[in-house]
Protein chains: 2
Amino acid sequence: MRFTATVDVSLRPGIADPEGATIERALPALGISSVTNVRAGSSFVFDVEAGSVEEATAVATDLATRLLANPVIEDSTVRVEAR
Amino acid sequence: MRFTATVDVSLRPGIADPEGATIERALPALGISSVTNVRAGSSFVFDVEAGSVEEATAVATDLATRLLANPVIEDSTVRVEAR
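Criteria and cut-off values
- Residues numbered from 1 in each chain as written.
- Chains lettered and ligands numbered in written order.
- Predicted model: local features only at pLDDT ≥ 70, side-chain atom pairs only at ≥ 80, totals over all residues.
- Heavy atoms only, no water.
- Contact = heavy atoms within 4.5 Å.
- Buried area = accessible area lost by both parts, 1.4 Å probe.
- Salt bridge = Lys/Arg side-chain N within 4 Å of Asp/Glu carboxyl O.
- Polar contact = N/O pair within 3.5 Å; in protein donor to acceptor, adjacent residues only side chain to side chain.
- Helix = DSSP H or I, 4+ residues; strand = E, 2+ residues; numbered from the N terminus.
- Buried < 20%, exposed > 50% of the residue type's maximum accessible area, 1.4 Å probe, protein only.
- Arc of directions from axis to C-beta.
- Pairing = 2+ DSSP bridges.
- Axes fitted to C-alpha atoms, helices over the stretch in contact; angles between N-to-C directions.
- Least-squares fit on C-alpha atoms with pLDDT ≥ 70 in both.

With respect to the interface of chain B and chain A
So, point 1. Contacts between the two partners involve 32 residues from chain B, matched on the other side by 32 residues from chain A.
So, point 2. Carbon and sulfur atoms supply 56% of the area buried between chain B and chain A, which totals about 2500 Å² over both sides.
So, point 3. Counting the contacts that link chain B with chain A gives zero salt bridges.
So, point 4. Taken together, chain B and chain A are joined by twelve residue pairs in polar contact (both at pLDDT 80 or more).

See below:
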């Protein structure tokens, strides 16, 4: 079976986020005043060929922690859906 | 009310994705053979102060299309949850 996995990688709380801070500074010029706490991160979407959703989640989590995220400064969340 | 909005920005289908291709080339060295079609993107999480979930979604969508995504080459999806 084929699954689609989405891995969201975000900076851990307390780690400086210059990209998010830059976005936040641009908001007044766009007339947006109701947005705060902007945090920037990465997302990765890929297909996984696996026998079950558990197996696909295990592969995606392995990939997330070994390659996609830096666990020292980043958290990752994994979502898997059947295609 | 305060809402948390998540904007996922991904390259449109057909747009070259060198970051995703580089990740895919690294997979055999990690012993992962069941993953294909890796696409890299960005994600942004922020708080929105709004009267309703519809209003918060409108603000987040406005921000996504005007600042966070380049609509020529990128698609964006917006999710809003009450905190």
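What about unusual backbone geometry?
So, point 1. Non-glycine residue A:Asn37 carries a positive phi angle of around 55°.
So, point 2. Structurally, A:Asn37 is set in strand S2 (residues 35-49).

Quick look at helix H2 (residues 53-68) of chain A
So, point 1. When we look at burial in H2(A), the residues that qualify are A:Ala56, A:Val59, A:Ala60, A:Leu63, A:Ala64 and A:Leu68. When H2(A) is viewed along its axis, its buried side chains cluster within an angular range of 135° and face the same direction.
So, point 2. Residues of H2(A) that are buried make contact with strand S1 (2-11), S2 and strand S3 (74-82) of chain A together with helix H1 (18-26) and strand S2 (35-49) of chain B.

Topic: the sheet that holds strand S3 (residues 74-82) of chain B
So, point 1. Within the open sheet, the six strands sit side by side as S3(A)-S1(A)-S2(A)-S2(B)-S1(B)-S3(B). Their pairing is antiparallel. At either end of the open sheet lies a strand with only one pairing partner, and these are S3 of chain A together with S3 of chain B. With strand direction ignored, the average angle separating the axes of adjacent strands in the sheet is 25°.
So, point 2. Pairing between S1(A) and S2(A): nine bridges, direction antiparallel. Each bridged residue has a counterpart across the sheet, and for A:Ser10 the counterpart in S2(A) is A:Gly41.
So, point 3. Packed onto the sheet, helix H1 (residues 18-26) of chain A meets S2 of chain A together with S2 of chain B and runs at close to 130° relative to S2(A).
So, point 4. H2(A) rests against S1, S2 and S3 of chain A together with S2 of chain B of the sheet, and its axis sits at about 155° to S3(A).

Let's talk about the relation of the copies chain B and chain A
So, point 1. Between chain B and chain A, the superposition needs a rotation of 180° and an axial shift of 0.0 Å, giving an RMSD of 0.0 Å. Such a combination of rotation and displacement between the chain copies is what one expects of a two-fold axis. Of every C-alpha in chain B, the one belonging to B:Ser42 sits nearest the axis of rotation, 2.1 Å from it.
So, point 2. When the interface residues of chain B are mapped onto chain A, 100% of them are again interface residues, pointing to one common binding face.

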